[in-house]
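The residues making up each chain are set out below.
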Amino acid sequence: MTLELHPPGMPAMTKLYHELAAWWPLLSAPADYAEAAAFYHQVITAGRVPPPHTLVEFGSGGGNTASHLKRHFELTLVDLSPEMLAVSRALNPDCAHVAGDMRYVRLGRQFDAVLIHDAIVYMTTVLDLRSALATAFAHCRPGGVALFAPDYVRETFAPATAHGGEDGPQRSLRYLEWTYDPDPNDTAYTVDFAYLLREPDGSTRAVHDRHTCGVFTRAEWLRLLAEVGFQPQALDAPGGVEVFVGAKPGD
């Protein structure tokens, strides 16, 4: 059973994870996650005997990372968006899915490993980030491990643009992604998406979608991980990004 507290001031859902969720497979293909998933598996299992068997992913989204990890772990996938959970269920019908906010959800059990992939960037304040890390700690068994994969730390943040998209059997999507920081003195940055969506009848519409994301220094990450009880470590990951690993002390 899921026990979740719903605080005031819940963040507004972006269009991508709400009314446009069904378009997600045309924006982000599962194959694009293979390298990162292999790295996460390596980090989670390194030196651990017996190897972890159960894993919970918070902010699991459309399930692209899970589609690679489910061959190694028994997965429970948790996301705030019912629409994205529906996309993930279609891709990963063999995994358990739970609706919940990574800051507050409590599943009433612990796992060998916890993963929060890039969904952690939607924690835009220190309080939100600490709450998500505390959720990870609460769900990690003693002697287990948690892995967090933000897109940036403050030291590595740089403005960027990207584009992509796919053609499906009936519909097509193209996007432009623009990442920038309006105020380098706070803990948030902005990602603007412009989507071109082509329907089966050939009609095309344009949609703008703004994502507000969080960015924190390496020292803040390590401090907060230690505060909630983890033994923290920063690691370099493929693609020039950093991930954070928290080992939970054993009994």
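Residues numbered from 1 in each chain as written. Predicted model: local features only at pLDDT ≥ 70, side-chain atom pairs only at ≥ 80, totals over all residues. Heavy atoms only, no water.

Student: How should the confidence of the model for the protein be read in this particular structure?
Tutor: Detailed reading of the predicted coordinates is not advisable wherever pLDDT falls low. In the predicted model, the protein carries a mean pLDDT of 93, and the fraction of residues at 70 or more is 94%. A low-confidence stretch, residues 1–11 (pLDDT under 50), is modelled with 21 contacts involving residues beyond four sequence positions or located in other chains. (pLDDT = per-residue confidence, 0-100. Contact = heavy atoms within 4.5 Å.)

Student: Before we go on, may I ask you to explain helix H5 (residues 126–139) in this structure?
Tutor: End to end, H5 covers 20 Å across 14 residues, agreeing with the expected 20 Å (1.5 Å per residue, within 8%). Buried within H5 we find Asp128, Leu129, Ser131, Ala132, Leu133, Thr135, Ala136 and His139. In this fold, the buried residues of H5 make contact with strand S1 (54–58), strand S4 (111–116), strand S5 (140–148) and helix H6 (218–228). (Helix = DSSP H or I, 4+ residues; strand = E, 2+ residues; numbered from the N terminus. Expected span 1.5 Å × (residues − 1). Buried < 20%, exposed > 50% of the residue type's maximum accessible area, 1.4 Å probe, protein only.)

Student: Looking at this structure, how should I read the pattern of salt bridges?
Tutor: Pairing is possible between side chains that carry opposite charge, provided their charged atoms lie close to one another. In total, this model carries 12 salt bridges according to the counting rule given. Between Arg103 and Asp101 there is a salt bridge, and its shortest N-O distance comes to 2.7 Å. Comparing Arg103 with Asp101 shows no difference in burial state: the two are buried. Here Arg130 and Glu227 are joined by a salt bridge, their closest N and O atoms 3.0 Å apart. In this pair, Arg130 is assigned in helix H5 and Glu227 in helix H6, connecting sequence segments 97 residues apart. Glu227 gets classed as partly exposed once you look at its relative accessible area, which sits at 41%. Taken together, the shared-partner salt bridges in this structure form one network comprising Asp101, Arg103 and Asp128. (Salt bridge = Lys/Arg side-chain N within 4 Å of Asp/Glu carboxyl O.)

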